[in-house]
Amino acid sequence: MNDLVKTSIEGRRNAIFNAYEITDNNLINKIEDLFRRINEFGESCSDNMDFETKFATSELNQEYIEIFTEIVTTCPQKAVQTVENRQVKSDAQYVLEDVESEIKYQVDSATMPMRRQMREEAERTARNAPVIGEIMEAKQYADLFGKIFKKKKKDEDEEEEKKEE
């Protein structure tokens, strides 16, 4: 039997036995007989689509519905405790987060040119100040030479490693 067909049949079986407390042996025997015949029916189907299509129009489906109706009206439901997942957000929270994100993006986009201009103006002013400008220029040279010598030292270290091998 196709695995998907088997899963489909087990899903129907679990819908009954996992949700209801069935204690009547006659009813249990009727259910077992029905699912034995449904399994035989499933063996004759090529895949799940074939099974579902044929099962929907078969007498077995009608019997399943009748037994399910009998169970629902005569057997008590099993008490199922659900654990509330506090991490699940409501639709309103998702919408609120989307709106908040969009507003932040729009504000950032709208103010980017102005912020860039203010940053450039502050840098220009600092460079033109007598002592601060010289310090900034010295730092720029130090960073540049630091990168050059760091790269040169790294290249030398790699050459030494190759020689050692």
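Everything below is about the structure shown above.
Cut-off values and rules
Residues numbered from 1 in each chain as written. Predicted model: local features only at pLDDT ≥ 70, side-chain atom pairs only at ≥ 80, totals over all residues. Heavy atoms only, no water. Core = buried A, V, L, I, M, F, W, Y, C linked by side-chain atoms within 4.5 Å. Buried < 20%, exposed > 50% of the residue type's maximum accessible area, 1.4 Å probe, protein only. Helix = DSSP H or I, 4+ residues; strand = E, 2+ residues; numbered from the N terminus. Salt bridge = Lys/Arg side-chain N within 4 Å of Asp/Glu carboxyl O. Phe/Tyr/Trp six-rings, centres within 6.5 Å; stacked < 30°, edge-to-face > 60°. Lys NZ or Arg CZ within 6 Å of the ring centre and 35° of its normal. Expected span 1.5 Å × (residues − 1). Arc of directions from axis to C-beta. Contact = heavy atoms within 4.5 Å. Bend = angle between axes of the 7 residues up to and from the residue. Patch = residues over 30% accessible without salt bridge, like charges linked within 9 Å, V, L, I, M, F, W, Y side chains within 5 Å. Areas by Shrake-Rupley, 256 points an atom, 1.4 Å probe, with all protein chains shown as cover. Lys, Arg positive; Asp, Glu negative; His and termini not counted. Charge placed at Lys NZ, Arg CZ, Asp CG, Glu CD. Axes fitted to C-alpha atoms, helices over the stretch in contact; angles between N-to-C directions. Parallel < 35°, antiparallel > 145°, perpendicular 65-115°, else oblique. Left-handed = near helix turned anticlockwise from the far one by under 90°. Nonpolar A, V, L, I, M, F, W, Y, C, P; charged D, E, K, R; others polar.

Trainee: Could you give me a rundown of the nonpolar core, with the residues and numbers involved?
Mentor: Ile22, Ile31, Ile38, Phe51 and Ile71 are the most contacted members of the largest nonpolar core, which totals 19 residues. At six residues, the largest contribution of residues to this core is made by helix 2 (residues 25–43).

Trainee: Which residues make up the pattern of salt bridges, and what values do they have?
Mentor: Going through the model one piece at a time under the given rule, you end up with 13 salt bridges. Note that Glu52 and Arg12 form a salt bridge whose closest N and O atoms lie 2.8 Å from each other. Of the two residues, Glu52 sits in helix 3 (residues 48–56) while Arg12 sits in helix 1 (residues 3–17), which places them 40 residues apart along the sequence. The exposure class assigned to Arg12 is buried, which follows from its relative accessible area of 17%. The residue Arg37 makes a salt bridge to Asp33 at a minimum N-O spacing of 3.3 Å. In this pair, Arg37 and Asp33 are both assigned in helix 2, four residues apart and thus about one turn of the helix distant.

Trainee: Quick one: what's the story with the packing of aromatic side chains, residue by residue and with numbers?
Mentor: Applying the stated criterion across every chain yields a total of six aromatic pairs. Aromatic pair Phe51 and Phe55: ring centres 5.3 Å apart, planes at 20°, arrangement stacked. Of this pair, Phe51 and Phe55 both sit in helix 3, separated by four residues, roughly a single helical turn. You'll find Phe51 and Phe55 in the same group, each marked buried. When the ring of Tyr64 is compared with that of Phe68, the centres are 5.9 Å apart and the planes differ by 45°; the resulting orientation is tilted. One end of the pair, Tyr64, and the other, Phe68, are both in helix 4 (residues 59–74), four residues apart, so they sit about a helical turn from each other. One aromatic cluster is present, built from ring pairs that chain together Tyr20, Phe35, Tyr64 and Phe68. Directly above the ring of Phe35 sits Arg13, whose terminal nitrogen or CZ lies 5.2 Å from the centroid.

Trainee: Report on helix 1, specifying residues and quantitative values.
Mentor: Over its 15 residues, helix 1 runs 21 Å from end to end, which matches the ideal 21 Å to within 8%, given 1.5 Å per residue. If you check which residues of helix 1 are buried, you get Val5, Ser8, Ile9, Arg12, Arg13 and Ile16. The arc that holds every buried residue of helix 1, seen down its axis, measures 135°, which confines them to one face. Exposed and oriented more than 90 degrees from the buried face of helix 1 are Asp3, Leu4 and Thr7. Of the surrounding secondary structure, the elements contacted by the buried residues of helix 1 are helix 2, helix 3 and helix 4.

Trainee: So what's going on with helix 5 (residues 91–128)? Residues and values would help.
Mentor: Here helix 5 is 38 residues long and its end C-alpha atoms lie 54 Å apart, about the 56 Å a rise of 1.5 Å per residue gives. The sharpest bend along helix 5 comes to roughly 45°, located at Met112, with the proline Pro113 sitting one to four residues further on.

Trainee: Which residues make up a negative patch on the surface, and what values do they have?
Mentor: Negative charge collects at one region of the surface, where Glu156, Asp157, Glu158, Glu159, Glu160, Glu161 and Glu164 lie side by side. In this structure, Glu164 sits in helix 6 (residues 130–164).

Trainee: Can you lay out the packing of helix 2 against helix 4 for me, pointing to particular residues and giving the numbers?
Mentor: Two numbers describe how helix 2 lies on helix 4: the axes approach to 11 Å, and their chain directions differ by 155°. By the angle class used here, helix 2 and helix 4 are roughly antiparallel. The handedness of the crossing between helix 2 and helix 4 comes out as left-handed. Between helix 2 and helix 4, the residues in contact are Leu27, Lys30, Ile31, Leu34, Phe35, Arg37, Ile38 and Phe41 and Leu60, Glu63, Tyr64, Ile67, Glu70, Ile71 and Thr74, respectively. Among the residues forming the contact of helix 2 with helix 4, the class breakdown is 10 nonpolar, one polar and four charged.

Keep in mind these values describe shape, not function.
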